[in-house]
Protein chains: 2
Amino acid sequence: METTLKVEGMTCGHCKSAVEGALKEVDGVNDVNVDLDTGNVKVSHADSANKVEMREAVEEQGYDVV
Amino acid sequence: METTLKVEGMTCGHCKSAVEGALKEVDGVNDVNVDLDTGNVKVSHADSANKVEMREAVEEQGYDVV
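What counts and how
Residues numbered from 1 in each chain as written. Chains lettered and ligands numbered in written order. Predicted model: local features only at pLDDT ≥ 70, side-chain atom pairs only at ≥ 80, totals over all residues. Heavy atoms only, no water. Helix = DSSP H or I, 4+ residues; strand = E, 2+ residues; numbered from the N terminus. Rg over C-alpha atoms; globule rule 2.2 N^0.38 Å. Buried < 20%, exposed > 50% of the residue type's maximum accessible area, 1.4 Å probe, protein only. Contact = heavy atoms within 4.5 Å. Lys, Arg positive; Asp, Glu negative; His and termini not counted. Charge placed at Lys NZ, Arg CZ, Asp CG, Glu CD. Arc of directions from axis to C-beta. Polar contact = N/O pair within 3.5 Å; in protein donor to acceptor, adjacent residues only side chain to side chain. UniProt positions renumbered as here; feature names shortened; annotations may be inferred. Salt bridge = Lys/Arg side-chain N within 4 Å of Asp/Glu carboxyl O. Buried area = accessible area lost by both parts, 1.4 Å probe. Nonpolar A, V, L, I, M, F, W, Y, C, P; charged D, E, K, R; others polar. Pairing = 2+ DSSP bridges. Axes fitted to C-alpha atoms, helices over the stretch in contact; angles between N-to-C directions.

Peer 1: Please clarify how the overall build of chain A should be interpreted in this entry.
Peer 2: Looking only at helices and strands, chain A features two helices and four strands. Reading chain A from its N end, one meets helices and strands in the order β-α-β-β-α-β. For 66 residues, the compact-globule formula gives about 11 Å, and the C-alpha radius of gyration of chain A, at 10 Å, lands near that figure. With the C-alpha coordinates aligned to their principal axes, the bounding extent of chain A is approximately 30 × 20 × 20 Å. Every one of the 66 residues in chain A was classed for burial, and the buried ones make up 38%. In chain A, the share of contacts with a sequence separation of at least 24, taken over all contacts with a separation of at least 6, comes to 59%. Computing the positive centroid from 6 side-chain charges and the negative centroid from 14, chain A places the two 6 Å apart.

Right under this line is the structure:
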């Protein structure tokens, strides 16, 4: 299963790493792919993964999910 | 003694932390203050501190000293 989050405020490789790392800590998330130019974050995950947790993980790093 | 480096490419708080952390590892450096908006990095240091090492520490993090 794949979910694409639209994330605002990521500007550099450190931001990308922060978001990827946080999302990979969410239960059921298998892989994360950040496109810095577009802000699109593709998350591959089990059906059981909770999208609210994904959003919160990103927001805790200081970025907005729109 | 204080030296101001002009650094290009820092875009976010992670960049700031990376530059500050690297400079604080340089022998003789006591304090570092990054202004993200201007790119000015103020380094407080002993007279013995080596400015080439400061420049290299920043460049190793992927930023240009101009």
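Once the structure has been displayed, the description carries forward.
Peer 1: Help me out: how do you make sense of helix H2 (residues 51-60) of chain A in this one?
Peer 2: Think of an α-helix as turning once every 3.6 residues; residues three or four places apart then point the same way. Residue and element names in this part refer to chain A. For H2, the set of buried residues is Met54, Ala57 and Val58. Buried residues of H2, seen end-on, are gathered within an arc of 95° and therefore sit on one face of the element. Facing away from the buried side of H2 by over 90 degrees, the exposed positions are Val52 and Glu60. The elements touched by buried residues of H2 are strand E1 (2-8), helix H1 (13-24), strand E2 (29-35), strand E3 (40-45) and strand E4 (64-65). Sitting at the amino-terminal end of H2 is asparagine 50, which places a side-chain oxygen 2.7 Å from the backbone nitrogen of valine 52. In the segment just after H2, glycine 62 is the residue with positive phi, at about 100°.

Peer 1: I keep staring at the UniProt feature "domain: HMA" (unreviewed entry) in chain A and nothing clicks. Help me out?
Peer 2: The UniProt entry lists residues 1-66 of chain A under the feature "domain: HMA" (unreviewed entry), expressed in the numbering used here. Secondary structure content for residues 1-66 of chain A is 33% helix and 33% strand, while the C-alpha to C-alpha distance between its ends is 20 Å.

Peer 1: Just checking my understanding: could you explain the pattern of salt bridges for this structure?
Peer 2: Side chains carrying opposite charge are able to pair once their charged atoms draw close together. Residue and element names in this part refer to chain A. Tallied over the full model, the rule gives two salt bridges over all chains. Glutamate 59 is paired through a salt bridge with arginine 55; the nearest N and O atoms lie 3.3 Å apart. Of this pair, glutamate 59 and arginine 55 both sit in helix H2, four residues apart, which is roughly one turn of that helix. Residue arginine 55 is classed as partly exposed on the basis of its relative accessible area, which comes to 35%.

Peer 1: I keep staring at the interface of chain A and chain B and nothing clicks. Help me out?
Peer 2: Reports of interface size often rely on the accessible area that becomes lost once the parts have come together. In this assembly, six residues from chain A lie in contact with six residues from chain B. Of the roughly 420 Å² buried between chain A and chain B, counting both surfaces, carbon and sulfur atoms make up 63%. Taken as a group, A:Thr11, A:Cys12 and A:His14 account for 78% of the area that chain A buries against chain B, more than any other trio of residues on that side. The tally of links between chain A and chain B comes to zero salt bridges. Here chain A is connected to chain B by three residue pairs in polar contact (both at pLDDT 80 or more). When its residues are assigned to classes, the side of chain A that touches chain B shows four nonpolar, two polar and no charged.

Peer 1: What am I meant to see in the sheet that holds strand E4 (residues 64-65) of chain B here?
Peer 2: Whether parallel or antiparallel, the strands of a sheet pair through hydrogen bonds between backbone atoms. Residues and elements named next belong to chain B. Taken together, the four strands give an open sheet; going across it, the order is E2-E3-E1-E4, and neighbouring strands pair in antiparallel fashion. Edge strands, defined here as strands with exactly one partner in the open sheet, are strand E2 (29-35) and E4. In terms of strand pairing, strand E1 (residues 2-8) meets E4 through two bridges, oriented antiparallel. For glutamate 8, the partnering residue across the bridge sits in E4 and is aspartate 64. Across the sheet, helix H1 (residues 13-24) lies against E1, E2 and strand E3 (40-45), angled at about 160° from E2, the strand it touches most. Running at roughly 30° to E1, helix H2 (residues 51-60) makes contact with E1, E2, E3 and E4 of the sheet.

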